[in-house]
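# Structure at a glance
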Amino acid sequence: MAAIEARQLSKRFGAVTAVDGLSFQVAAGTVTGFLGANGAGKTTTLRMLLGLVRPDSGQAVIWGQRYAGLGERRRKVGAVLEASGLHPGRTVRDHLRVRCAAAGIARPRIDAVLGATGLGGLAGRRAGSLSLGERQRLGLAAALLGDPEVLILDEPGNGLDPAGVAWLRGLLRGLAGEGRTVLVSSHLLAEVAQTSSQVIVIDRGRLIFSGPVSQLTAATGQAVVVRTPRAAELSAALAASGAAVRELAGDRLEITGAGTEQAATLAAARGLPVFEISEQAASLEDAFLTLTATQGRPG
Amino acid sequence: MNRQLHAEFLKLRTTRTAIGLAGLAVAVTALIATLESATAGTRQAMAIPSLATSAGLRDALASTGFALIAAAVLGTMITSGEFRHKTATGTYLDQPGRGRVLAAKAIAAAVAGALLGLAAAATATAIGLGFAVARGYPLTLPAATIARYGAGATIGAGLLAAAGAGAGSLIRHQAAVIIAVFAWAFAVELIVGGTATAVAPYLPYTAAAMMAGVTSGGGMPPIPSAVIPLAPPGGAGVLAGAAVLLAAVAAATTVRRDIT
């Protein structure tokens, strides 16, 4: 059984279609990146999964049930949706006490999650004095209170400094190592590439890709980068042979549609010196931008 | 439901909102009770009758009009605060049953409002009786009547707070709903109560004020003398009905809205 499943989900807000017949599955025990441009419908989809937004049609289920129907739901699902959802006058520890009380979670978990999120020293601080990054950590701490099997995280890296991003990466890897299911939306595509094995890409509320990260980057193809002091001549020769060429800084050319052998042979045939030639795998960012551009939206 | 109630009481105890508002209500009540008691029987403008009379002593003991409104405001803040601080998302993740959340909030508001009303009534009673005793006046009100005013302020404040919780669910914008509460008390009830005295006892603030023995205002506009109070159970019924009606309307409309 899929841990998380969207079945033909649709949602309109007035004249705007936020989510349009979206279906996907998230396999148990995977970390899945949920990608899309601003306004693509990611947050609305996550909120429909969690019962906060009512779909116009379709179903969103976790372990085969609607969120509201899950028994002991906070032990099954933890979620971070917005870092600003804190009463500014309540301390970090009291915020977690309230969440424990509402979810029926034993208080000893509070110290455990404070330690796991690096907030142990801030337990007595009022939420209003926390930085955005600290608020994100507190949101994660609240999500982890129930030691949940499934985590749904909406932009958890927002506001984190580089050290915080590295910490989040480690946390997500740790959660994956424990066999938990994580669905994480993020704009930090490099981070998603490092932490997720699967990726779901949506655009204007519709699914445009679902599968392994490696499949997405492979589909985008590899590029060959050549450095030559006679870049213009080699560029013309490659273009004439049908390859697509993009001029980069430092006398370098990025070539798609031709491999290293073809590019090197062409250069040698014309007596063009080549100082460097290498294959470059497409990054998740390249793949994402290519995919969303193909769908008609600028990156 | 028990978990949600526990969480709602914990929310009240872990911020300064409830205690701050209760402190303000008690301070204003003390100020009004002191001013009214000090000037009682002087025939100055707005002065209440002498504390040696039952009417004067009642007005001094029932200086809880502002506290009743403060209780209603507290109720609105308990529900609208979830949207002001965007904590509604976490609340509904913990308890997706929105009706249950609203019910728990209304109960928590009623308890907090009642405590606020009790503190204000105790303050006004202590000050009014203190002035009367210090001046050597006989107590012209029986103990049962004094207790009834205190109980009326306590129950009235509790039920107004519960009604406020419903209003705060209906009008989620915190500043707007607080303005609406004051506008209702100062404008709607004053105008309707002044022009249709038969209807006035059925208006929520007036019903609560008359349960508490408030006639001279106690920080709020005076209740017109032509208004005949309902018996305390009737007043409590009016208030409970208002609280249930507001909660039911909210549950059928705004409470069902998407949390975006």
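Report on the accompanying structure. (Residues numbered from 1 in each chain as written. Chains lettered and ligands numbered in written order. Predicted model: local features only at pLDDT ≥ 70, side-chain atom pairs only at ≥ 80, totals over all residues.)

## What about the overall build of chain B?
From N to C terminus, chain B includes 10 helices and 0 strands. Secondary structure elements of chain B occur, N-terminal to C-terminal, as α-α-α-α-α-α-α-α-α-α. For a compact globule of 260 residues, the expected C-alpha radius of gyration is about 18 Å, and chain B comes in at 19 Å, within 12% of that figure. With respect to the principal axes defined by its C-alpha atoms, chain B has extents near 60 × 40 × 30 Å. With 260 residues in all, chain B has 55% of them scored as buried. (Helix = DSSP H or I, 4+ residues; strand = E, 2+ residues; numbered from the N terminus. Rg over C-alpha atoms; globule rule 2.2 N^0.38 Å. Buried ≥ 20, exposed ≤ 12 C-beta atoms within 10 Å, placed from the backbone.)

## Digging into the overall build of chain A
Check the secondary structure of chain A and you find 11 helices and 13 strands. In chain A, which comprises 299 residues, the share counted as buried stands at 43%.

## Observations regarding the sheet that holds strand S1 (residues 4-13) of chain A
All names here are of chain A. Spatially, 3 strands are ordered S2-S1-S4 in an open sheet, and the strand pairing comes out antiparallel. Looking at the sheet topology across the chains shown, the edges are occupied by strand S2 (16-26) and strand S4 (57-62). Neighbouring strand axes in the sheet, compared pairwise and without regard to direction, differ in orientation by 20 degrees on average. Across 5 bridges, the pairing between S1 and S4 is antiparallel. Paired with alanine 6 across the bridge in S4 is alanine 60. Each of S1, S2 and S4 touches helix H1 (residues 42-49); the most contacted strand, S1, lies at about 120 degrees to it. (Pairing = 2+ DSSP bridges. Axes fitted to C-alpha atoms, helices over the stretch in contact; angles between N-to-C directions. Contact = placed C-beta atoms within 7 Å.)

## A look at the packing of helix H2 (residues 17-39) of chain B against helix H4 (residues 65-84) of chain B
Residues and elements named next belong to chain B. Contact geometry for H2 and H4: axes closest at 9 Å, N-to-C directions at 170 degrees. Judged on the interaxial angle alone, H4 and H2 are roughly antiparallel. Contact residues: Thr17, Ala18, Leu21, Leu24, Ala25, Val28, Thr29 and Ile32 in H2; Phe66, Ala67, Ala70, Val73, Leu74 and Met77 in H4. Here the contact of H2 with H4 is composed, by residue class, of 12 nonpolar, 2 polar and no charged. (Parallel < 35°, antiparallel > 145°, perpendicular 65-115°, else oblique. Nonpolar A, V, L, I, M, F, W, Y, C, P; charged D, E, K, R; others polar.)

## Digging into the interface of chain B and chain A
Each side of the interface is counted separately: chain B has 23 residues, and chain A has 28 residues. Of all the elements in the fold, those that place two or more residues in the side of chain B that touches chain A are helix H1 (2-13) and helix H5 (88-94) of chain B. Grouping the constituent residues of the side of chain B that touches chain A by class yields 6 nonpolar, 11 polar and 6 charged.

## Remarks on unusual backbone geometry
With glycine set apart, most residues show a phi of negative sign, and most peptide bonds adopt trans. Residues and elements named next belong to chain A. Unlike most non-glycine residues, glutamine 8 shows phi in positive territory, near 50 degrees. Following the sequence through the fold, glutamine 8 ends up in strand S1. Even without being a glycine, glutamate 155 presents a positive backbone phi close to 50 degrees. Tracing the backbone shows glutamate 155 in the loop between strand S6 (150-154) and helix H6 (162-177). Judged by C-beta crowding, with 20 C-beta atoms within 10 Å, glutamate 155 ranks as buried.

## Some remarks on the environment of alanine 237 of chain A
Residue and element names in this part refer to chain A. Positionally, alanine 237 belongs in helix H9 (residues 231-240). Overall, the presence of 18 C-beta atoms within 10 Å leaves alanine 237 in the partly exposed class. Here the alpha-carbon distance between alanine 237 and alanine 263, two residues 26 residues apart in the chain, equals 9.2 Å. Those residues in contact with alanine 237 that sit more than four places away from it in its chain are Leu266 and Arg270.

## Let's talk about the environment of glycine 235 of chain B
Take glycine 235 of chain B: it is sitting in helix H10 (residues 232-252). Sequence separation between glycine 235 of chain B and leucine 159 of chain B is 76 residues, and the spatial gap between their C-alpha atoms is 10 Å.

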